[in-house]
Each structure stands twice: as structure tokens, then as C-alpha cells.
Amino acid sequence: AGERLTPASGPVRLTRLVKKAGCASKIDQAFLKDILSKLPAIIDDPHIIVGVPAGDDAGIYEIGDGKALVQTVDIFTPCVDDPYTFGQIAAANSLSDVYAMGGRPITSLSVIGFPARNIPDEVMTAILAGGIEKMNQAGCAVIGGHSINDQQIKAGFAVTGIIDKSRIVTNADAQPGDALVLTKPLGTGIICFAAQIEKASSESIDAAAASMTELNKTTSELMTQFDVHACTDVTGFGLMGHLTEMARCSGVDINVIWDDLPLLPGVLEYAAAGILPGAIERNKESCGDRVICKDLPEQMLDICFDAQTSGGLLIALPSAKASQFVMALHRSGVQAAAVIGQATGKGKGLVHVETTGTRKIPSGIPAAKQAAAEKTASQVPCCADAVQVGTSDTDKSGLEAVRSRFVGFLTAASTPYGMDAYTKQAIAIALSVALRCEPCLKMHIKKAKAKGFTQQEIDEAAWMGISFAGSPAMVFYEGLRSQTS
């Protein structure tokens, strides 16, 4: 009715506001291809050099004088909690498609979805500021944008670059014998998911953020000094999704040595613990039939399908020049760059993944982490605090086992899977009110505030419980609220 709502205030953890973080929020490759196949034919324009049918990183349009435009757009949900860093990642990710084609980005338009008035206004300011800072670093002017009021935050950019027609690099010209170079470590999807459910270390989170905010500018510029045949950036479809597409479009088969893949710290441990985002299974469904592996533990293969956000460039070039190229990258600050495999010959676009056995999935949890896990397990959630065990040693042993399993169930039920942690926290408040469990409610309100809930959001969740439980629940909540507010 024309009234302006009071903006929420307080800390906000962006990953708690979305169901799927980063490029894991993108539509899977197989579904996207099916939709694209049903679209009407694109106008026959002789100036189009690379268009929709190519399925490449960006479109390329000839503008004369030996020059062409490179155009792309990319948008996704937060993969980190800090708004400014998220804006930087959104920009770096959007620029990568232009860099992968060998182009130089010149202009961009921001695109953002934001739940206006529901979370602090400064969050949106920080996202846009981070994106602009990264675009400035790339020498790419932000000349406008578009915003929508959206319940789930998302941000990205439409980027236009320029390229010399004679230096266009696509994903479709890998040659038999070419070496394959990957320029950033894998594992951003796994780490972002681990962070979302509060299972990631600060070392892993910081390393992933540093990798995702790093521009692929230096790599793109160095490509022009070597005889690069093909390139693509590794993002939402995972290493295998982008690699099988390069193999298919180039008409070659590829061999990858798993032990040579650069990985972010902690990724092996998280995979061993089963901390794996759902995007891995979607990527397997899309291209898993073209990936062949022998004697490779499932967790190793899972890492290869992990959806990357602002990942590195995957480059095919003559094997004789690969070592020199990697050394040049290292000297220029691209420290993670590594040769990961080779195009073995003409083929049907199959990717063979092998292991030399030099890198293994951890078989157990390190002692320090085991102690931390036991400490966490002893902090029983919610109503399980009230469970009383028997007095005899025999009874205590038996009931402790039951209690432990019940606590495990509670922990699993509270973990984000299809539903995000923020929503589950609101449900926990509503149920605590409906059941009139005072210890539960106090604990869940404390957790909600730590996640960035406002008092208004806590009250709204509580009244959902009251609406089902009636007046006694209202009296219970109002009494407790007056004590804690």
C-alpha cells in the first residue's frame, strides 16, 4: 500500500539464504541440451562466427577490420557468506568465458536478484561494489545493469569483449597428442557445500575464495604466446562435463591422470567423509556415460564431477610446449597450473580417468579432527539434552547407544539437503513453539541469531508454530520472549 518496510539489520550469512550455492545452482548439462535442441532455428547471419549450436563458452560476432565481439552472460547464487567477496567471484566467473575464447573484456552489465527490504540494504551494495572492483581490475567498464526483487540472492554480469579473428580459441579443436593443462585447483563446489553445513575449515574456505576471485586474465594473455589449440573454462558442469564436451566437439579421446589434478586443501578429506553436494550426481547423469575409469575409488571420481564456481581454464596445446607453458604460468603467479592429461587420438569424445596410486583418499579422520568430531557429537542437539539414561553400568551402556543413534538422526535431519539451513532453522523454531519445549526454543533462537535472523523473522517463525498449536503455545512463546528480549 505504498508503505516502506524497515530494512532488516544484523549479520547475514549469504549461503544460508540459498538452496544451492554458486554454479551448483545452474541447470544441468543434459537438461539444458535437451531444451536447446527444441528451440527454433537462429537467424542465418554470416557475421556469426560462434553461436548457440556450438555450445561454447561465449558467442562471437564479426564486426569488420579483422575484429569480432565476444559476448557472454553468467549469473548464480552466493557460494561464500561475505557479500563483497561474492560480488568479486560473480565478476571473475563472468569474465572467464571471454578469457577462455582468447578475448579482451571491454564492457559489462550487472545482473542481480535481491530480496529487497528483507535483509540489510548494505548487502546488495557490497555485492555490486565487489563486482565493480573486480571488473576494474580486469579493465572492463561496468556501463549499466538490471535488478529484480527475488527471494534468492543471485548475481552476475553480461560481458562483451573484443578479439582478433585470427586468434579465436574454441573448445572444439583439441588435436591428438595435445597435452591438457588446468590452471586452477578443483573442489570449490565441495568446499562451499561443506561451509554451508558448517563442516569446512577456515583454511579450505579461504583457499577456495582466493581461487574463485582470481581472474583468468593472465592465463588468457599467455595463451597468445603459445600454439594453443582449444580452451574452455571449468565451471558448473565440473571438470568432466567441460572435458567431455571438449573431447566430443574435437573428435578425440582423452586420458586424465587423477593424481595430477590440482586440488584445494581439505577436498580429499571432505570427499572421504561423504560431504558431497547434489550437483555431483547431476553432472554424472549428464556426461557420466562418456567417462571411463578403472580401479578408481568413487570419491576420487566424485571430485572430477564437482561443480566449480569461477574455475580455471582447461587448455589443449602441443605436448612439446606444455612444460614451457606451465612454467610461464607459474612465473606469472598462476601457481596451481598443471598438466593433467593428454588427447590420445581421434575418437568418440570419451574421457579415460586413471590413477597412479600416488594420491589416495584418506582412510580415516586425523586424530585432531576425530577429537573435534567427538566433542561435537557430545553436544547433543535439541530435546535430546533431556534424555536420561539408566543408573547401572549395563543399562547406561545400552541406552547410550540408543541415545547416540537418536542424536545422529537429529543431526542428519537438521543438515541441509534439498532444503537450505536457513529454512530448517525457521522450522525448528516453529516446532519448538508448537511443542512448547523451552530448552529447544532457547537453543534454536540462539542458532537463528547466529545465522543472521532478525527478531521479526524469529517472531514470524514462532507464530507459524502458534497457528498450529493455539493459545497455550502463544502464552508459552510470549512469556519466553519477554525473558530473552
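To be clear, the structure that these remarks concern was listed above.
Residues numbered from 1 in each chain as written. Predicted model: local features only at pLDDT ≥ 70, side-chain atom pairs only at ≥ 80, totals over all residues. Heavy atoms only, no water.

Student: Lay out a nonpolar patch on the surface with the relevant residues and their values.
Tutor: A surface patch of nonpolar side chains, amounting to about 470 Å² of accessible area, comprises Ile42, Ile43, Ile48, Tyr61 and Ile63. Position of isoleucine 48 relative to the elements: it lies in strand β1 (residues 48–50). (Patch = residues over 30% accessible without salt bridge, like charges linked within 9 Å, V, L, I, M, F, W, Y side chains within 5 Å. Areas by Shrake-Rupley, 256 points an atom, 1.4 Å probe, with all protein chains shown as cover. Salt bridge = Lys/Arg side-chain N within 4 Å of Asp/Glu carboxyl O. Helix = DSSP H or I, 4+ residues; strand = E, 2+ residues; numbered from the N terminus.)

Student: Before we move on, could you go through the state of the cysteines and cite the residues and values that matter?
Tutor: In this structure the tally under the stated criterion is one disulfide. In this model cysteine 437 forms its disulfide with cysteine 440; the gap between the sulfur atoms is 2.3 Å. Measuring the twist about the S-S bond at about 60°, one finds the cysteine 437-cysteine 440 disulfide to be right-handed. An identical accessibility class is assigned to cysteine 437 and cysteine 440; each is buried. (Disulfide = S-S within 2.5 Å. Buried < 20%, exposed > 50% of the residue type's maximum accessible area, 1.4 Å probe, protein only.)

Student: Any chance you could break down the sheet that holds β1 for me, citing the residues and the numbers?
Tutor: Strand order across the open sheet formed by six strands is β1-β2-β3-β6-β4-β5, with mixed pairing between neighbours. Each of the sheet's edge strands pairs with one partner strand only, and the pair in question is β1 and β5 (141–149). This sheet shows a mean twist of 25° between the axes of neighbouring strands, independent of strand direction. In this sheet, strand β2 (residues 59–64) lies alongside β1 in antiparallel orientation, the contact comprising two bridges. Note that in β2 the partner of valine 50 across the bridge is isoleucine 60. (Pairing = 2+ DSSP bridges. Axes fitted to C-alpha atoms, helices over the stretch in contact; angles between N-to-C directions.)

Student: How would you explain the side chain of threonine 213 if you had to name every residue and give the values?
Tutor: By secondary structure assignment, the location of threonine 213 is in helix α5 (residues 202–213). Accessibility expressed as a relative area gives 12% for threonine 213, which makes it buried. The contact partners of threonine 213, leaving out residues within four places of it in the chain, are Thr85, Gln88, Ile89, Ala92 and Lys134. (Contact = heavy atoms within 4.5 Å.)

Student: I'd love a proper account of the pattern of salt bridges, names of residues and values included.
Tutor: Here the structure, examined in full by the defined rule, presents nine salt bridges. Note that glutamate 245 is salt-bridged to arginine 248, the shortest N-O span being 2.6 Å. Of this pair, glutamate 245 and arginine 248 both sit in helix α7 (residues 238–250), separated by three residues, roughly a single helical turn. A relative accessible area of 7% means that glutamate 245 is categorised as buried. Here aspartate 302 ties to lysine 284 by a salt bridge, and the two come within 2.5 Å at their closest N and O atoms. Residue aspartate 302 is located in helix α10 (residues 298–304), and its partner lysine 284 is located in helix α9 (residues 279–287); the two are separated by 18 residues in the primary sequence.

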